[in-house]
There are 2 protein chains.
Amino acid sequence: MTTPESARARDDARRRHLSAEPRRALGAQDLDRRMPPYAAAVVVFDAEPPFQTPGAGAFRRTRAACLPYFPDACQTEGRDLRLTVSGDVALAHWLWRFTGMATDHLARQTLLRSPAGSQRLRGRWQIVHEHASVPFKPETGHATFTLDPQSNT
Amino acid sequence: MTTPESARARDDARRRHLSAEPRRALGAQDLDRRMPPYAAAVVVFDAEPPFQTPGAGAFRRTRAACLPYFPDACQTEGRDLRLTVSGDVALAHWLWRFTGMATDHLARQTLLRSPAGSQRLRGRWQIVHEHASVPFKPETGHATFTLDPQSNT
């Protein structure tokens, strides 16, 4: 049943997730704006190594190490967002891709898949888990890059 | 604040997630036991193609297509489970690997990373999103297989 409280929580979380999209820039000047929504104890499963990154501090260092490979104009755009909210927990998943870089840049060759779990801690929504991935072909161990999520390849 | 209701929801979800582990067998005889906790509208991001699988029916067909590649004795075991529950939504993430197969089987060469989001719909907890992945090296497009999640490679 949707109560006024749960409707407010849903709206808050949706607004936060959608407004977070433009903050996913990897340009150096945007890193500090990117980090605030992450809980101190977030666990990140990123598209590239390491296998898992425990904590917002470690994730910030991992992100910072990527910056030289991305132009300042780099942004992301998302699609197919689905959001589930109840009480103080929100689950979102969506597809996204990088924009604002040369079309032959490695990071432009695929959509990525992300779920993010958020929790309202002391009145503030924070990301407690985030994940980004592409599938891989088990026969070859190669990641399968696609800009067409309906594709079976 | 933990209320008796939220404590019960947490316990229910934890029990369901933990008891689901032994059901993650891919042996043909286990497929029907594996499917019931999935919501009809689940969206799955699996470790191998397709890029996304919309719906429990499509996910069942994808799973069925994998069965010839897995021995009947195949099981999984999980670790590092973290669970966040509020109201009717639960978020879990954990690491897992296949067991019960020859050590040189392709599926034995790595841990996998999974989050799952569950929702209590009409009183019954159901998985509304599940994801499994390994990271890949962007320079080569190769998935990076590891049995040591602390490794940075």
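Keep in mind the model is a prediction, meaning the values are calculated, not measured.

Conventions and cut-offs
Residues numbered from 1 in each chain as written. Chains lettered and ligands numbered in written order. Predicted model: local features only at pLDDT ≥ 70, side-chain atom pairs only at ≥ 80, totals over all residues. Heavy atoms only, no water. Disulfide = S-S within 2.5 Å. pLDDT = per-residue confidence, 0-100. Helix = DSSP H or I, 4+ residues; strand = E, 2+ residues; numbered from the N terminus. Contact = heavy atoms within 4.5 Å. Buried area = accessible area lost by both parts, 1.4 Å probe. Salt bridge = Lys/Arg side-chain N within 4 Å of Asp/Glu carboxyl O. Polar contact = N/O pair within 3.5 Å; in protein donor to acceptor, adjacent residues only side chain to side chain. Nonpolar A, V, L, I, M, F, W, Y, C, P; charged D, E, K, R; others polar.

Asker: Sorry if this is basic, but what is going on with the state of the cysteines here?
Answerer: Following the criterion strictly, the structure yields zero disulfides over all chains and no others. Free cysteine: Cys66 of chain A, not disulfide-bonded; nearest cysteine sulfur from Cys74 of chain A at 10 Å.

Asker: Honestly, the confidence of the model for chain A in this entry has me stumped. Any pointers?
Answerer: The predicted coordinates ought not to be read in detail in places where the model reports low pLDDT. Residue and element names in this part refer to chain A. Predicted confidence across chain A gives a mean pLDDT of 80, with 75% of residues reaching 70 or more. The weakest mean pLDDT in chain A belongs to helix α2 (residues 31-34) at 61; the strongest belongs to strand β2 (residues 53-54) at 94. Both scores are given for the predicted complex: the pTM is 0.85, the ipTM 0.84.

Asker: Even after reading the chapter, I still don't get the interface of chain B and chain A, so can you show me in this structure?
Answerer: How large an interface is tends to be reported as the accessible area lost when its parts come together. Contacts between the two partners involve 54 residues from chain B and, on the opposite side, 53 residues from chain A. Here chain B meets chain A over a buried area of about 4300 Å², counting both sides, of which 67% is carbon and sulfur. Summed over the shared surface of chain B and chain A, the result is zero salt bridges. At the junction of chain B and chain A, the tally comes to 16 residue pairs in polar contact (both at pLDDT 80 or more). Sorting the residues of the side of chain B that touches chain A by element identifies β1 (38-45), β3 (75-86), β4 (89-99), β5 (112-121), β6 (124-131), β7 (136-137) and β8 (142-143) of chain B as the ones contributing at least two each. With six residues, the top contributor of residues to the side of chain B that touches chain A is β5 of chain B. Residues of the side of chain B that touches chain A, tallied by class, amount to 25 nonpolar, 21 polar and eight charged.

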